[in-house]
Amino acid sequence: MSGLPETEAAREWLETMTLIRHFEERAGEMYARAKIGGFLHLSIGEEATIVGSTRALRETDYLVSTYRSHGYALARGTPPERVMAELFGRVDGCCGGHGGSMHMFDIERRFMGGYGIVGGNLPIATGIGLASDYTGTDDVTLCTFGDGASNQGTFGEALNLAALWRLPVVFVVINNQFGMGTSLARHSAVTDLQRKGESLGIPGTRCDGMDVTATHAVIAAAVSQVREDRRPVLVEAVTYRFRGHSMADPEEYRTKEEVAHWRERDPIPAFGALLEGKGILDAQAREQIDRAAIARIDAAVEFAEASPFPAAESLYEDVYVLDQHARGAYH
Amino acid sequence: MAQLRYREALNAALREELKRDERVMLMGEDIGVFGGAFKVTAGLLGEFGERRVRDTPISENTIVGVGVGAAMSGLRPVVELMTINFALLAFDQIVNSAAHIRYMFGGQVSVPLVIRMPQGAGHQLGPTHSHCLEAMFLHVPGLLVAVPATPADAKGLLKTAIRDENPVIFIEHESLYGIRGEVPDDDQVTVDFGHARIAREGADVTIVGVSRMALTAERAAETLAQEHGVEAEVIDPRTLRPLDLDTILASVKKTNRCVVVEEGWPHGGVGANLAALIAEHAFDDLDAPIARVSGADVPMPYSKPLEDIAFPHEPQIVEAALVSLGARPAASGAR
């Protein structure tokens, strides 16, 4: 098995994937209990893609994700307490309750946001890449987006500009087989998504997004290449979400058999078994990782419950930065 | 003070801010080699180089989005869109990203981005290049909206826009690029946002004119004085957000009559908004209904005689003021 990390890193990857899984499952429960409002897009099934890609980044690199954003925040190190509190709409949420499920953000960890508009994040990631290039740092920006977003105008526009200006952006298309409820073959003329940047001279690669080591190996190579060459690349991570597009999804567009087939490839037990087989972790240690994740999510829910809702007086906070050179009424 | 054209004043503001702050950079279609569709950026590529003055592909939504991302991570980008109608291609990034990022991410980041664009009729460019859409941007919390009418304001407001931490929609007027006016040479002189310009003092009627209409209103005021003995006070708000409502209300308190003039469409427009605010705050000061003069409620036609009657001119403002003063019978309202 190539790409298997050192013992401590391997354990941390499994821990983070497990944490994301339990976080998402609990979030689903909390949604059913009306603790969470709006839409809730879970990334259950996509944990290897999330951890494999984010672990290819340095702390100083930037990460931009989509509206399926909880897992990316957690993988980047945002405390689950803050993410859960955001879902609960509380003041201690990572965005103070202004963003919700689709709009996680953590400036300290250079997690530059979840974005609610499909494809809207690609130009923003390109702009962050421009700032890195402009200021002469060797930071890389990793931008994830779904297979559905590869049909948006911003996909062609942003990739063209990034290639033209030689910006350090790794574009990762998370091919989870569906743009909401429309399957890849029904929404994209080219289903070999890694090739969609070819007309712009952007090389593409693909990784098995259900395999954390394979994902990490491919994306780490892409990140190094981009850091070195200062040119964008496109990586297709092939994965599957086990749950619906959002909690409001009767899943009439796919069969139970198809879901069951992909569930057999569940990335978390697969990676756990691999580590056990290699003698890196024993069964007891795997069990311990699972229990620790559950305990942490218990604490996150407790924290979110205890955190107050934002005060009514805070409604207008952070709409504008008030400036001494501006007078008059902002609202 | 120097006599500069409006476009030269904008150019001076960009040059000074590029010199002052290394983080300032320009992006837009044909702003470099071509010098800008209206020559606002002429000479800047040669002076500051490709790194800081960037020609972009024709990708409005992405250009603005790139500006947002760059602004979030430390730069102070100034994006030029060739006309205000093209900004509609970028509405996703302007509204969902630029305007809302600070709020939706709980104040962790700001978006110090300026998006410049010209608006306005008069050049027979028809229904996709001539509109006045400031109301669409004014509608959105999170954006600031500047509408300079004079060369001095063009320079001073643009410098303030670049220095402000918020996303600013900076709306220039196509018909004003060639006008001349006194402009301060001092690179430290700026014009504050939310500070209206009293273009002419008068005690009989208040006329608020937006963008080019501030100048048309000034000419109308001269006619009112010379031909009708009416002294109008003309107010140019200079920025629609933040809005210097206090100056407008103080004037209405003095004159007891108000005419609001805009070039854009009447429904849900800037004039409708100003009229509502004035009615809410100064109802008891008013001796006549607030009058609105606006562009016609049609897509801008190409043919010269039609285009000419599709946006306000001096006589309509004079007429509205006289109606407000009771010197003329009221005609039907805006339509």
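Here goes a summary of the coordinates provided. Quick caveat, the model's predicted, so the values are computed rather than measured.

## Side note on the overall build of chain A
Now for step 1: Of the regular secondary structure elements, chain A holds eleven helices and seven strands.
Now for step 2: Counting only C-alpha atoms, chain A reaches 65 × 50 × 40 Å along its principal axes.
Now for step 3: Of the contacts made within chain A by residues no fewer than 6 positions apart, 74% connect residues no fewer than 24 positions apart.

## Digging into the overall build of chain B
Now for step 1: Counting its regular elements, chain B contains twelve helices and 14 strands.
Now for step 2: Computed over the C-alpha atoms, the radius of gyration of chain B is 20 Å, within 12% of the 20 Å expected from 2.2 N^0.38 for a compact globule of 335 residues.
Now for step 3: Taking the principal axes of the C-alpha coordinates as reference, chain B spans close to 60 × 45 × 40 Å.
Now for step 4: Buried residues in chain B amount to 58% of all 335 residues.
Now for step 5: Sequence-distant contacts, at least 24 apart, represent 78% of the contacts inside chain B between residues at least 6 apart.

## Quick notes on the sheet that holds strand β13 (residues 258–261) of chain B
Residue and element names in this part refer to chain B.
Now for step 1: A sheet is described by the order of its strands in space; here five strands give the open sequence β9-β11-β10-β13-β14, paired in mixed fashion. Two strands in the sheet have a free side with no partner beyond their single neighbour: β9 (197–200) and β14 (291–293). Across the sheet, the mean angle separating the axes of adjacent strands is 25 degrees when strand polarity is ignored.
Now for step 2: Two strands pair when backbone bridges link them, and β13 and β14 are joined in this way by three bridges, in the parallel orientation. Across the sheet, V259 pairs through a bridge with A291, a residue of β14.
Now for step 3: Packed on one face of the sheet, helix α12 (residues 314–324) meets β10 (205–209), β11 (232–236), β13 and β14 and runs near 175 degrees to β14.

## Section: unusual backbone geometry
All names here are of chain B.
Now for step 1: Cis geometry is adopted by the peptide bond preceding P242, which originates at R241 and carries an omega value of -5 degrees.
Now for step 2: Within the fold, P242 resides in the loop between β12 (239–241) and α9 (245–255).
Now for step 3: Positioned with a positive phi, Q124 is a non-glycine residue whose angle comes to about 55 degrees.
Now for step 4: Within the secondary structure layout, Q124 lies in the loop between β5 (114–119) and α6 (134–138).

## Quick notes on the packing of helix α6 (residues 153–164) of chain A against helix α3 (residues 60–72) of chain B
Any two packed helices are characterised by how steeply their axes cross, that is the angle between the axes, and by the distance between the axes.
Now for step 1: Across the interface, α6 of chain A lies against α3 of chain B with an axial gap of 9 Å and an inter-helix angle of 60 degrees. Classified by the angle between their axes, α6 of chain A and α3 of chain B sit oblique to one another. For α6 of chain A against α3 of chain B, the interelement crossing comes out right-handed. Across from G153, T154, E157, A158 and L161 of chain A in α6 of chain A, the residues of α3 of chain B making contact are N61, T62, G65 and V66 of chain B.
Now for step 2: Here the residues of the contact of α6 of chain A with α3 of chain B sort into three nonpolar, five polar and one charged.

Rules and cut-offs
- Residues numbered from 1 in each chain as written.
- Chains lettered and ligands numbered in written order.
- Predicted model: local features only at pLDDT ≥ 70, side-chain atom pairs only at ≥ 80, totals over all residues.
- Helix = DSSP H or I, 4+ residues; strand = E, 2+ residues; numbered from the N terminus.
- Contact = placed C-beta atoms within 7 Å.
- Rg over C-alpha atoms; globule rule 2.2 N^0.38 Å.
- Buried ≥ 20, exposed ≤ 12 C-beta atoms within 10 Å, placed from the backbone.
- Pairing = 2+ DSSP bridges.
- Axes fitted to C-alpha atoms, helices over the stretch in contact; angles between N-to-C directions.
- Parallel < 35°, antiparallel > 145°, perpendicular 65-115°, else oblique.
- Left-handed = near helix turned anticlockwise from the far one by under 90°.
- Nonpolar A, V, L, I, M, F, W, Y, C, P; charged D, E, K, R; others polar.

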